[in-house]
Amino acid sequence: MLPKILDEKILPLIQEARNSNDPNSLKEMLPIWMVDRLAKKRKITDDESSEMVLVILEVFPKMWILSLSYHITNVLGFFVTYAFNQYRNRFRHGQIPESGELYLQLWNYDSPANEEIPKELLEETSPLKSELEKLPTVTALVLSLQFDLPMKQNLKQLLLWKLRETGQDIDDFYREWEEKRFRQRQLLSRLSGMITRYTRKLYETTDPNRRKWYLKQKKLWIFRRSRAIDRSFFSEREIAKALGISRKAVRNHLSQGKHELRKVGKDLLHYA
């Protein structure tokens, strides 16, 4: 059995590690705290608990960088969610949804709702990235625009050429793009904040009726956030206008790209 570590003990340690910019002092206690919280949400064996501690230690540097984008009042919720995701990826690979959109969202899976992924993390080898590179260039570009995926230089150059070819104002296009990103981050930040709020309330109360109501509210906000994430970044009409092709052609590219990604979906899900 892993030792019990209270929130009141771990939170000051996180703050101290942030102040000193030295997360190594947390490596002993934080993974244990995360697995303990995971065990309260899922029935896991002692062997799984021990393995999860090792899993979290493996991803600790990346996890710590991502956590810095969250305010100290919300960071515990981030670590709880991160532990759940790591557990799901480790032990629940058989549960593969049919949604093609899921495989696309995996690229940005670890992104905080209110912050960009650090550039060095985006440059890491990604199985989704390699699969996108196998697609026809226009197909990859259409998918990247609909889901706001990071683009390699060849896609950026193709997009720039298409914008010039269709006579569009390039500055206006990229300005609108950044405004969309800003609005999306604000929306996801608000929704994530509500999820964190009800997660904390679930931990703080023991009253069965209150817990039932808090859990219902948390599920509602999770559903709203999922819908916001699944929403197209650029619409079919906007993509068609930007690339100078028909909306039918856009739909064909999306259908083709999602079909190819579904075929490797089980492998991609491993990297969520």
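Residues numbered from 1 in each chain as written. Predicted model: local features only at pLDDT ≥ 70, side-chain atom pairs only at ≥ 80, totals over all residues. Heavy atoms only, no water.

**Student:** Which residues make up helix α2 (residues 30–41), and what values do they have?
**Tutor:** Here α2 is 12 residues long and its end C-alpha atoms lie 17 Å apart, about the 16 Å a rise of 1.5 Å per residue gives. Taken as a whole, α2 has its buried residues at Leu30, Pro31, Ile32, Trp33, Met34, Val35, Asp36, Arg37 and Leu38. (Helix = DSSP H or I, 4+ residues; strand = E, 2+ residues; numbered from the N terminus. Expected span 1.5 Å × (residues − 1). Buried < 20%, exposed > 50% of the residue type's maximum accessible area, 1.4 Å probe, protein only.)

**Student:** Break down the environment of Arg42 for me, with residues and values.
**Tutor:** In this fold, Arg42 is placed in the loop between α2 and α3 (46–58). Given the relative accessible area of 32%, Arg42 is considered partly exposed.

**Student:** Give a detailed account of the environment of Met194, specifying residues and quantitative values.
**Tutor:** Inspection of the secondary structure puts Met194 in helix α11 (residues 170–204). Once the C-alpha coordinates of Met194 and Ile222 are considered, the two residues, 28 residues apart in sequence, prove to be 8.8 Å apart.

**Student:** Give a description of the confidence of the model for the protein that names residues and reports values.
**Tutor:** Residues of the protein with pLDDT of at least 70 account for 79%, and the chain-wide mean is 77. Of all helices and strands in the protein, the one with the weakest mean pLDDT is helix α7 (residues 119–122) (39), whereas helix α13 (residues 236–243) scores best (92). Note on residues 93–125: pLDDT under 50 across the span, and 74 contacts to partners over four residues away in sequence or across chains. Low confidence marks residues 266–272, where pLDDT is under 50. Its contacts with residues over four positions away, or in another chain, come to 19 contacts. (pLDDT = per-residue confidence, 0-100. Contact = heavy atoms within 4.5 Å.)

**Student:** A description of the nonpolar core should follow, citing residues and the corresponding values.
**Tutor:** One finds Ile10, Ile14, Leu30, Trp33, Met34, Met63 and Phe79 to be the most contacted residues of the largest nonpolar core, which totals 31 residues. Looking at which element gives the most residues to this core, the answer is helix α5 (residues 75–91), with 8 residues. Those residues in contact with Ile10 that lie beyond four places of it in its chain are Ile5, Leu26, Met29, Leu30, Trp33 and Leu76. Counting residues in each nonpolar core, the second largest holds 25 residues, with Leu149, Leu159, Phe233 and Leu261 among its members. (Core = buried A, V, L, I, M, F, W, Y, C linked by side-chain atoms within 4.5 Å.)

**Student:** Outline the packing of helix α9 (residues 137–147) against helix α10 (residues 153–165), supporting the account with residue identities and numerical values.
**Tutor:** Where α9 contacts α10, the two axes come as close as 10 Å, and the packing angle between them is 85°. As the angle between them shows, α9 and α10 are arranged roughly perpendicular. From α9, Thr137, Val138, Ala140, Leu141, Ser144 and Leu145 reach across to α10, where they touch Asn154, Leu155, Leu158 and Leu159. In terms of residue class, the contact of α9 with α10 is built from 7 nonpolar, 3 polar and no charged. (Axes fitted to C-alpha atoms, helices over the stretch in contact; angles between N-to-C directions. Parallel < 35°, antiparallel > 145°, perpendicular 65-115°, else oblique. Nonpolar A, V, L, I, M, F, W, Y, C, P; charged D, E, K, R; others polar.)

**Student:** Summarise the packing of α3 against helix α4 (residues 60–67); cite the residues concerned and give the values.
**Tutor:** In helix packing, the relevant descriptors are the interaxial angle and the interaxial distance, both defined with respect to the helix axes. Between α3 and α4, the least distance of the axes is 5 Å, while the angle of their chain directions is 70°. On the basis of their axis angle, the class for α3 and α4 is roughly perpendicular. Only Phe60, Pro61 and Met63 of α4 make contact with α3, whose side of the interface consists of Ile56, Leu57 and Glu58.

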